[in-house]
Structures are given as C-alpha cells and as structure tokens.
Amino acid sequence: MTARSPNPPPIPRTWCRRRIGLLGLAAVALGAAAVYLHRHDPSVPGSALPECLLHRATGLYCPGCGSTRALHELLHGQWRSAAGHNLLLAAALPAVAILLARTTWRYARGLPADPAPSRLPARWLWGLFAAVMVFWIARNLPGPPFSSLAP
Amino acid sequence: MSANWFYAPDSQQLGPVSAGQLVQLAAAGTIQPDTLIWKEGLANWVKARQVLGLVDAPAEAGEMVDDPEITRARQPQAPASVQPSANPTWPGQTPAAPIPYSGPQTGYGPGSAPPPNYLVWAILSTIFCCWPLGIPAIVFAAQVNSKFQAGNYAEALQASQKAKLWCWISFGVGLPVTILIVLAQVAMR
C-alpha cells in the first residue's frame, strides 16, 4: 500500500499571544531608549551614555565604536553625520533592519528561526567578516584616509 | 503503520511521515510544541502540543488528540535487530517521504531547513555591544552557510551552535558590563 493520503487542509496562520506580549515589552523598552537617545547627545562630556568597553580599556576603537553617536545622529535624520561616526553601522543598517523585521515576524508567528540568512551565499558572509576586520584595523590607523573612519 | 502524518514547521507542509518518524522529529526539535501537524481524520491542523505524548509542553484549552499510533511510537525503541512495533517497514512499502535521521541531537538533513546562523544577532552585537566579541559569531555564521551549502549538515549544525554561543557571550558579557559602568557613572555624579 502506498500512502495515498488526501490533501491536508490549508495551514491556518496563528499568532502567539505570549510572544507578542514579550515583543510589546521589547518595543516599549526600545522606544524609551530611542526617546532618551534622541534628547541626549552622547558626544557631550559627562553624558551618561556608555563608552565602548574596548576603547575604555585599551584606547583602541572597535568596529562598534561610535554607534551610539551614529544612532543619535540618525534619530535626527543626519545620515551623513551618522556615517562619519560609524560607517559600518550606516551601511549595514538597512539589511539588518530587513533581517530583524523578518525575525520579529517569525517569532510572533511561532515559526522556527529564519532560514533566509543561512541560505545567503557563504561568500557574502565571509565578505562581511573581511569588511569588519578591514574596518576595524583601518579606523585605528593614523593619517588622513583612515582617520575619517574613526568615530 | 502507514505514513499519514503531515507537519508544517515553517508554514510549509511537509510529509507524509509515519507516526514513528513524527515522534523522532519531535525528539529532534524539528517539531516544536507549536508546530502544526495533521493526519487524515482530523478536521484541521493541530499544534503538536495538542497531541497526547508528542512533545513535552502543556496543552492549550481545546481539542486534544489521543492517537494510538503516537502512543505506540513513544515506547522506548529497541535496537534495530529486534525492533518490535516501533517503526516497522512492511515488505513492499516504500516510505513516502524518507526523513534522513542521523541521531537524536540533529534535526537536519538534505532538503530540510538549514541550521540557523544567528547572523542578525552577530551583526547587532558587533555594532552595538561595543565589544568585538560579535566577530567570532560572524565567523561561525559564515561557517554555517559554507558547511550547509557544501552539504555537511553535522558540521553546519556545530557551527550554528557556536554562533549562538558567541552571540550569548557577546550580549551576555557586553550588556551587563556596560549597564554596570553606566550605573557607576550616574552614581558617582
């Protein structure tokens, strides 16, 4: 006997109430953080906004240095200024936003992890890794072409 | 036991598989408590948690499915040589949708979804944790894709677990330390 089953009914779409509650909490926390960051400039001396741990410990810039300042500028619509603080963040933000939206959607729907990032060509991800490393080294080098990458 | 169960882990209908395979998929984590499953005779898809004994999760109010096939397949599996009723293959029966199954710790095989590579969290922790610990997570994310696309599921899964670990380290160490420093700064004013 070959399994000749009738066609299943269409898959219903469901929402997970508990997960949506958690997402709501996360949205409130993110919103509060965004309002605070919009009103407070991290580059003002004495700002309560945190300094990079690596920079604090070693004086070196990490690939994430300047991201708080960049976000502050972005919240004021200043893309150019944001890219000046952290080029990597400004360049990666659109792609990250899309992936994060997909992840959030799938989480709310109770779906397993997004398979799309795992299906990206491996070369792209190695390219991203190389870009992060080059960015990290370059922004710590002295001199005009590199110093513009520093936060 | 015929292959008459369908499951939809990804809003995408898969199967049919036998009850034994369904139990294995649940043990492997491919079928989660909220994964929808269906067999002939059910009016509609039900969550795996609504099927008695399939997943270790509390059921919700509403219809429960008590399926004797599942109960039988849940019995401890004997070695293949003396395999009793757990997952018999009858002569002439070809499994309709063979599920590659390489052990209880994996849930992945050819044709199944790739292991998650946690790329979003790797990038976010690299950019926002102010802590270059997100970089190993990016490396392992890239390894997940390399290995999966080369057809090496076991190693892709290992890389996936390492990517997850590094995302946790990056967020779990970076965020609390940052918060402590902020609190200390505020307190010292």
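Residues numbered from 1 in each chain as written. Chains lettered and ligands numbered in written order. Predicted model: local features only at pLDDT ≥ 70, side-chain atom pairs only at ≥ 80, totals over all residues.

Our focus in this paragraph is the sheet that holds strand β1 (residues 5-8) of chain B. The strands that make up a sheet are held in pairs by hydrogen bonds between backbone atoms, and each pair lies either parallel or antiparallel. Residues and elements named next belong to chain B. With antiparallel pairing, the 4 strands of this open sheet are ordered in space as β2-β1-β3-β4. What marks the edges here is a single partner per strand, and that holds for β2 (14-17) and β4 (46-47). Where β1 lies against strand β3 (residues 36-39), 4 bridges are found, and the strand directions are antiparallel. What sits directly across from Tyr-7, in β3, is Ile-37. (Pairing = 2+ DSSP bridges. Helix = DSSP H or I, 4+ residues; strand = E, 2+ residues; numbered from the N terminus.)

Moving on, we come to the nonpolar core. Counting residues in each nonpolar core, the largest one holds 45 residues, and the members touching the most others are Tyr-118, Leu-119, Ala-122, Ala-137, Ile-138, Ala-141 and Ala-163 of chain B. Of all elements in the fold, only α2 (53-58), α3 (67-75), α5 (87-108) and α7 (122-138) of chain A together with α3 (119-128), α4 (134-149) and α5 (153-188) of chain B reach the threshold of two or more residues within this core. Looking at this core element by element, the count peaks at 8 residues for α4 of chain B. Dropping the residues within four chain positions of it, Ala-137 of chain B is found in contact with Tyr-118, Trp-121, Ala-122, Ser-125, Ala-163, Trp-166, Cys-167 and Ser-170 of chain B. Counting residues in hydrophobic clusters, the runner-up holds 23 residues, among them Ile-31, Trp-38, Trp-45 and Val-51 of chain B. (Core = buried A, V, L, I, M, F, W, Y, C linked by C-beta atoms within 7 Å. Buried ≥ 20, exposed ≤ 12 C-beta atoms within 10 Å, placed from the backbone. Contact = placed C-beta atoms within 7 Å.)

Residue and element names in this part refer to chain A. Summing up the model confidence of chain A, the mean pLDDT is 85 and the portion of residues at 70 or higher is 94%. Taking the mean pLDDT of every element in chain A, the minimum, 81, falls on helix α8 (residues 144-147) and the maximum, 94, on α7. Confidence drops under a pLDDT of 50 for residues 1-5, and excluding neighbours within four residues, the segment shows 11 contacts in the predicted structure. (pLDDT = per-residue confidence, 0-100.)

Attention now moves to the packing of α7 of chain A against α4 of chain B. It is the contact of α7 of chain A with α4 of chain B, at a shortest axis distance of 8 Å, that shows an interaxial angle of 160°. One element, α7 of chain A, and the other, α4 of chain B, form an angle in the roughly antiparallel class. The two elements α7 of chain A and α4 of chain B cross, and the hand of that crossing is left-handed. Packed against α7 of chain A, whose contacting residues are Ala-122, Leu-125, Trp-126, Leu-128, Phe-129 and Val-132 of chain A, the element α4 of chain B presents Ile-135, Ile-138, Val-139, Ala-141, Ala-142, Asn-145, Ser-146 and Gln-149 of chain B at the interface. (Axes fitted to C-alpha atoms, helices over the stretch in contact; angles between N-to-C directions. Parallel < 35°, antiparallel > 145°, perpendicular 65-115°, else oblique. Left-handed = near helix turned anticlockwise from the far one by under 90°.)

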